[in-house]
Amino acid sequence: KAENETLRLLLTRYLEALGMASTSVDSLPKAVLALEENPGKFDLLFFCPSTKDVNHNPYAASQSNSGQQDYGSKVDLHHSMTVLKSKAHLWPKLETIILCPIKCLSHAAEYRDLQRCTILSRPVRLYALHDAVVKCVTRIRDEAPNVDLTIKLDGQ
């Protein structure tokens, strides 16, 4: 899930380059719907929360140090993470990688208890992203050795 079309396309191409099939959507509700409709189809969820307020609620705005209104990246992250945590029991083996905008990273620590979840700051170094994907795939393979998960490593 990534609302940013460029980020969504980059992640899709990255996973394809690793030899992995992917499905991309532009919102968390669409991602949750896809997971609910076919929970066994997905092993890894990339979640890229936006920095905008979910409801564009002006009452959620606060004043930043510059005097500009800050529509509370915490509001969007909190809503999204609450949804993920409330549904996590439905997908106990789903690996999640959250590419969290650096603006929201301090708030992301509140959600470290989400099982099988890796939180990376965005922008993210390719090495950190690749390392997280490899760790997730390794955990999936270790728990279900018969699962056909293909990932190209080191130019293979």
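Our subject is the structure listed above.
Turning next to the pairing of strand E4 (residues 95-101). Of all 7 residues that make up E4, 7 are buried, and the element is covered over most of its length. The alternating pattern of E4 places Glu 95, Ile 97, Leu 99 and Pro 101 on one face and Thr 96, Ile 98 and Cys 100 on the opposite face, and all of these are buried. Two elements, strand E1 (residues 44-47) and E4, share 4 bridges in a ladder whose sense is parallel. By the bridge assignment, Leu 45 is partnered in E4 with Thr 96. Both E4 and strand E5 (residues 117-122) contribute to a ladder of 6 bridges, which runs parallel. Bridge pairing links Ile 98 to Ile 119 in E5.

Attention now moves to helix H2 (residues 28-37). All of the buried residues along H2 are Leu 28, Ala 31, Val 32, Ala 34 and Leu 35. The buried residues of H2 occupy one face: seen down the axis, they fall within an arc of 160°. Summarising the geometry of H2, the exposed residues directed more than 90 degrees from the buried face are Pro 29 and Glu 37.

Strand order in the open sheet formed by 3 strands is E1-E4-E5, with parallel pairing between adjacent strands. Every other strand in the sheet has two partners, leaving E1 and E5 as the edge strands with one partner each. Averaged over all neighbouring strand pairs, the angle between strand axes comes to 15°, with direction disregarded. Helix H5 (residues 126-143) rests against E1, E4 and E5 of the sheet, and its axis sits at about 160° to E4.

Applying the stated criterion across every chain, the model contains 8 salt bridges. Here Arg 13 and Glu 16 are joined by a salt bridge, their closest N and O atoms 3.2 Å apart. A residue pair is termed a helical-turn pair when its members lie 3 or 4 positions apart in one helix, as Arg 13 and Glu 16 do in helix H1 (residues 5-17) at 3 residues. For Glu 16, a relative accessible area of 40% gives the class partly exposed. Measuring nitrogen to oxygen at the nearest pair gives 3.6 Å for the salt bridge that ties Glu 143 to Lys 93. Here Lys 93 lies in the loop between helix H3 (73-87) and E4 and Glu 143 lies in helix H5, a separation of 50 residues in the sequence. Residue classification places Glu 143 among the partly exposed residues on the basis of a relative accessible area of 40%. On the accessibility criterion, Lys 93 (57% relative accessible area) is exposed. Connected through salt bridges with shared partners, the residues Lys 93, Glu 95, Arg 116, Arg 139 and Glu 143 form a single ionic network.

About the criteria used
- Residues numbered from 1 in each chain as written.
- Predicted model: local features only at pLDDT ≥ 70, side-chain atom pairs only at ≥ 80, totals over all residues.
- Heavy atoms only, no water.
- Buried < 20%, exposed > 50% of the residue type's maximum accessible area, 1.4 Å probe, protein only.
- Helix = DSSP H or I, 4+ residues; strand = E, 2+ residues; numbered from the N terminus.
- Pairing = 2+ DSSP bridges.
- Arc of directions from axis to C-beta.
- Axes fitted to C-alpha atoms, helices over the stretch in contact; angles between N-to-C directions.
- Contact = heavy atoms within 4.5 Å.
- Salt bridge = Lys/Arg side-chain N within 4 Å of Asp/Glu carboxyl O.

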